[in-house]
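Tertiary structure, described
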Amino acid sequence: MDYYERMHYHSLGASYRFECDFNDREHRSVRASLPPSCVEQGRAHTVMLWGDSFAQALSQGIRESLPPETSLAQVATSACRAQVDDFDESVEDHRCAIADRYAMQQIRTLHPDLVILAQNAEHLETDWAALTGTVLGLGARQVVVVGPSPMWDPTLPRVYAANHMKDRSAYVAEGLFLGAFDVDRQLAARISTLPHVRYVSLLEHLCRNDKACLAVVPGEAPLDLMVVDYGHLSPKGSAYLGRVIWRELLSTLLQPSAAHRTN
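Residues numbered from 1 in each chain as written. Predicted model: local features only at pLDDT ≥ 70, side-chain atom pairs only at ≥ 80, totals over all residues. Heavy atoms only, no water.

Moving on, we come to the state of the cysteines. Per the stated rule, a full pass over the model turns up three disulfides. Residue C20 pairs covalently with C38 via a disulfide, S to S 2.1 Å. Between C20 and C38 the sulfur-sulfur dihedral comes to about -90 degrees; the bridge is accordingly left-handed. Placement of the pair is C20 in the loop between α2 (13–16) and β1 (23–24) and C38 in the loop between β2 (29–30) and β3 (45–51), with a sequence separation of 18 residues. Comparing C20 with C38 shows no difference in burial state: the two are buried. The disulfide that involves C80 links it to C96, with 2.1 Å between the sulfurs. An S-S torsion of about -80 degrees defines the bridge between C80 and C96 as left-handed. Linking C80 in the loop between β4 (70–76) and α4 (95–110) with C96 in helix α4, this pair joins segments that are 16 residues apart in sequence. (Disulfide = S-S within 2.5 Å. Helix = DSSP H or I, 4+ residues; strand = E, 2+ residues; numbered from the N terminus. Buried < 20%, exposed > 50% of the residue type's maximum accessible area, 1.4 Å probe, protein only.)

Listed below in structure tokens is the structure:
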């Protein structure tokens, strides 16, 4: 557990690209802007990742799965889901409004081939038609909405330590938030009606029918867990999603005629 607590606070910066977060952890302030590397345009394609820390958690796996000459622009700020108006003012120093306005400005500038939206919660409270419609209207060709992640109470490392140190089970049901499965079903239905928008269900790829979800990264050491806390992916967990989801999906969606085939 100590290992994962240290990772959570000290070892996620490169995987999550903390430099692309308007929350400046080092100086405990809000950045005025992001480094140019966070919004670099690709020679062949540009993919943009927008959302909160759960979007950050996907970053490594997406970057490792990009086709040649494709860049990942990233505007992902902790505690700030993608919004196009009525910004979350509960986060200090208007951080979410700053981050979301900047993200929209970058979509207008970059005209990304694909925008990937991911967030921790409030999936059913989000107006996805308005959000994705704005993203497309600003110049994106396609949008991917990522569904809820498996989440454990209090944390996966604690649940695993208490229940599975002997059997080393790959899948864990104890402590799992079961409400995410209903959210996933409802969200998939809503997204299916939106033009040029694709839904990605993480639960479909990571969980079994008995509602136990993958806890240990396949092919890694027995205690390499998928998430470092209650739900944020570990670097190896993110890389695994790159192999099982993003590599094939990005290859498909970034084909020249993909925008015309996506519904």
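Moving on: the pairing of strand β6 (residues 142–146). A regular strand places its side chains on the two faces of the sheet in alternate fashion. With respect to burial, β6 is a largely interior element, five of its five residues being buried. Side chains of β6 alternate between two faces, with Q142, V144 and V146 and V143 and V145 buried alike. Direction of pairing for strand β5 (residues 114–118) relative to β6: parallel, over a ladder of four bridges. Its bridge partner lying in β6, V115 is registered against V143. As defined by bridge partners, β6 adjoins strand β8 (residues 197–200) across four bridges and the pair is classed as parallel. Within β8, the residue paired with V146 across the bridge is V200. (Pairing = 2+ DSSP bridges.)

This brings us to the nonpolar core. Counting residues in each nonpolar core, the largest one holds 48 residues, and the members touching the most others are I62, I116, V144, L241 and W246. No other element matches helix α9 (residues 235–253), which puts seven residues into this core. Residues within four places of I62 in sequence aside, it is in contact with L49, L72, I116, W246 and L250. F22, F87, Y102 and A103 belong to the second largest nonpolar core, which has 32 residues in total. (Core = buried A, V, L, I, M, F, W, Y, C linked by side-chain atoms within 4.5 Å. Contact = heavy atoms within 4.5 Å.)

The first and last C-alpha atoms of helix α7 (residues 179–191) sit 19 Å apart over 13 residues, in line with the 18 Å expected at 1.5 Å per residue. Among the residues of α7, A180, F181, V183, D184, L187 and I191 are the ones counted as buried. Mapping the buried residues of α7 onto a view down its axis gives an arc of 160 degrees, with all of them on the same face. Packing partners of the buried residues in α7 comprise α5 (128–137), β6, β8, α8 (202–206) and β9 (213–214). (Expected span 1.5 Å × (residues − 1). Arc of directions from axis to C-beta.)

It is worth spelling out the sheet that holds β3 at this point. Read from one edge to the other, the open sheet built from five strands follows the order β4-β3-β5-β6-β8, with strand pairing classed as parallel. In this open sheet, the two edge strands, each paired with only one partner strand, are β4 and β8. Between one strand axis and the next, the sheet turns through 20 degrees on average, direction left out of account. Pairing geometry for β3 and β4, over seven bridges, is parallel. Paired with L49 across the strands is Q74, a residue of β4. Against the sheet, helix α3 (residues 53–63) touches β3, β4, β5 and β6, its axis set at about 170 degrees to β4. Contacts between α9 and the sheet are confined to β3, β5, β6 and β8, with β6 contributing the most and set at about 160 degrees to the helix. (Axes fitted to C-alpha atoms, helices over the stretch in contact; angles between N-to-C directions.)

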